Amino acid sequence: MTKDRKFYLFFFFRRNILFAYALLIFLPVFFSCRHGFPDSPDYATAISGIALNASGTPEDMGMTTLDIFIFNDDALRRLDSYQRTEADMKDIIPAASRTGKKILVVVANSGKDAAEWRAVNSADALFKTMSSFADESPGRPVMCGSSRIDMGQDKECTVDMAPLLSEIRLNSIRCDFSGKPYADECLTDVRAYLINVNAEVPLFGDTDFKPTEIINASGLSSGDMERIRHPEMLLDSIGPRVGNTRIYPDICLYCYPNSSREESIGSPFTRLVIEGKISGNTFYYPININKAPGLHGGDGTGVGRNCRYVFDVTVTQSGTENPDIPADPSMIAVNMTVEPWENADEDIIDF
């Protein structure tokens, strides 16, 4: 037997041993989702690698819980396979299903038990699944993404992962009380928080996020803050005092998208509230987030998904007496910029 022939046989057996080993790992996953594969060569299994592209997320997230769904890419979009794994998002992650054209969907840090996904038997069912803000973590945000793949042909695919959260950043703040009776005063006991926050959104929503439940409705709610895993996402202290010199607290708060077009009792705008005292009296400076078209770089659509809203604020006089009444321009000068966290072109699957 020639040397080349020996090498070919070694490679052949080695490759097939690895493939068989992989099937032993993944087949239990398949049978937990389906009643097994029909006895037909048309239903051969295939293994592919997933590369996750996740920007705008913590770099030190480490091991992450991933739920991987593979649906048939046809009219019904039925579930073909499901697996849950703990993996580093920087690694190439193996996924397995039957061969053919598929829709591959990945959800990271869902906060759900594997049993909670049992009702997901199609892409449409997954599309309707909601994510709860109360279960979110800024260090391990819920993220999801999708891609089309031809299992058995494509050895690897890239899935662009995007968080549901958006970041509200107070970059800088100062006071300018020139010409006021309290011109020499500072704003004291200063803090920033978010109110009228959307409590849940669909995992794969992209636009038109209308609140169905509100967190911190019209003001801080101790009950709401207690049921959130990470209340620091909605509240932070700026400092004991803010004077004429601009300071840079670089406070980062987080919320779900809220694209209410018109404000109502059931669909209020999400607001960034700066609270402080002047001469011992408490005042509020509520700012509607991105609801003034053309103002400070905003487009008037409200809070979108996976965006960063950066605020530089100058407080110019006493504010409102209610955290849910927006401050007018005579009270506060605001410069806002919108920065998308995700700059990569996403392969968006239309469910």
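Thresholds applied
- Residues numbered from 1 in each chain as written.
- Predicted model: local features only at pLDDT ≥ 70, side-chain atom pairs only at ≥ 80, totals over all residues.
- Heavy atoms only, no water.
- Helix = DSSP H or I, 4+ residues; strand = E, 2+ residues; numbered from the N terminus.
- Buried < 20%, exposed > 50% of the residue type's maximum accessible area, 1.4 Å probe, protein only.
- Contact = heavy atoms within 4.5 Å.
- Areas by Shrake-Rupley, 256 points an atom, 1.4 Å probe, with all protein chains shown as cover.
- pLDDT = per-residue confidence, 0-100.
- Pairing = 2+ DSSP bridges.
- Axes fitted to C-alpha atoms, helices over the stretch in contact; angles between N-to-C directions.
- Salt bridge = Lys/Arg side-chain N within 4 Å of Asp/Glu carboxyl O.
- Core = buried A, V, L, I, M, F, W, Y, C linked by side-chain atoms within 4.5 Å.

- An unreviewed UniProt entry lists the protein under the name Major fimbrial subunit protein N-terminal domain-containing protein, from Candidatus Cryptobacteroides gallistercoris.

Some thoughts on the overall build of the protein
(1) Moving on: When you go through the protein residue by residue, the secondary structure sums to 3 helices and 19 strands.
(2) Moving on: Here the protein holds 351 residues, and the buried ones make up 49% of them.
(3) Moving on: The contacts in the protein between residues at least 6 apart in sequence include a share of 73% that link residues at least 24 apart.
(4) Moving on: For the protein, the accessible area works out to roughly 17300 Å², and carbon and sulfur atoms hold 51% of it.

Overview of the environment of E185
(1) Moving on: Following the sequence through the fold, E185 ends up in the loop between β9 (166-175) and β10 (187-195).
(2) Moving on: Among all residues touching E185, those that are not within four sequence positions of it are F177, I278 and S279.

Details of the confidence of the model for the protein
(1) Moving on: Counting all residues, the mean pLDDT for the protein is 84, and 81% of those residues have values of 70 or more.
(2) Moving on: In the predicted structure, residues 1-42 sits below a pLDDT of 50 and forms 33 contacts with residues beyond four places in sequence or in another chain.
(3) Moving on: Predicted confidence is poor over residues 343-351, with pLDDT under 50, and the contacts of this stretch with residues over four places away or in other chains come to 21 contacts.

Let's talk about the sheet that holds strand β1 (residues 45-54)
(1) Moving on: Strand order in the open sheet made by the 7 strands is β3-β2-β5-β7-β8-β1-β4, with mixed pairing throughout. Of all strands in the sheet, those bounded by a partner on one side alone are β3 (79-88) and β4 (92-98). When strand polarity is set aside, the average angle formed by the axes of neighbouring strands in this sheet is 25°.
(2) Moving on: In this structure, strand β2 (residues 63-72) lies alongside β3, joined through 9 bridges in antiparallel fashion. Residue pairing for β3: F71 is matched across the bridge by L79.

Focus: the pattern of salt bridges
Where side chains of opposite charge bring their charged atoms close, a pairing between them can arise.
(1) Moving on: As enumerated under the stated definition, the model contains 17 salt bridges in all.
(2) Moving on: The salt bridge partner of E167 is R169, with a shortest N-O separation of 3.2 Å.
(3) Moving on: Classification of E167 as buried rests on a relative accessible area of 4%.
(4) Moving on: In this structure, R191 engages E275 in a salt bridge whose closest nitrogen and oxygen atoms are separated by 3.3 Å. Taken together, the positions of R191 in strand β10 and E275 in strand β16 (residues 271-278) put the pair 84 residues apart, joining distant regions of the chain.

Comments concerning the sheet that holds β16
(1) Moving on: The antiparallel open sheet is built from 4 strands, whose spatial order is β14-β10-β16-β17. A single partner strand is all that each edge strand has here, and the edge strands are β14 (235-242) and β17 (281-288). Each strand axis lies, on average, 20° off the axis of its neighbour in the sheet, ignoring direction.
(2) Moving on: Where β10 meets β16, 6 bridges bridge the pair, whose relative direction is antiparallel. Bridging across to β16, A192 finds its partner in I274.

A short note on the side chain of T270
(1) Moving on: Summarising the element assignment, T270 is placed in the loop between β15 (251-255) and β16.
(2) Moving on: Taking relative accessible area as the criterion, T270 reaches 3% and is therefore assigned buried.
(3) Moving on: In this structure T270 touches I195, N196, V197, C255, N258, I287, N288, I289 and V303, once residues within four positions along its chain are discounted.

Considering the nonpolar core
(1) Moving on: Among the nonpolar cores identified, the biggest contains 62 residues, and F69, Y285 and F311 are the most heavily contacted of them.
(2) Moving on: Here the element with the most residues in this core is strand β18 (residues 307-315); it accounts for 5 residues.
(3) Moving on: In this structure, L52, L66, I70 and A95 belong to the second largest nonpolar core, which totals 19 residues.

Considerations on the environment of G304
(1) Moving on: Of note, G304 is situated in the loop between β17 and β18.
(2) Moving on: A residue is classified by how much of its surface remains accessible, and G304, at 18% relative accessible area, is buried.
(3) Moving on: Linking G304 and P340, residues 36 residues apart in sequence, is a C-alpha distance of 9.3 Å.

Concerning the pairing of β15
(1) Moving on: Burial analysis of β15 places 4 of its 5 residues in the buried class, the great majority of the element.
(2) Moving on: Pairing of β9 with β15 involves 5 bridges; the strand directions are antiparallel. Bridge assignment links E167 to a residue of β15, and that residue is Y254.

Points about unusual backbone geometry
(1) Moving on: In this structure, N109 is a non-glycine residue whose phi angle is positive, near 55°.
(2) Moving on: On the secondary structure map, N109 appears in the loop between β5 (100-108) and α2 (123-127).
(3) Moving on: Take N109: its relative accessible area is 12%, and that puts it in the buried class.
(4) Moving on: The phi dihedral of D250 is positive, around 50°, even though this residue is not glycine.
(5) Moving on: Locating D250 in the fold gives a position in the loop between β14 and β15.

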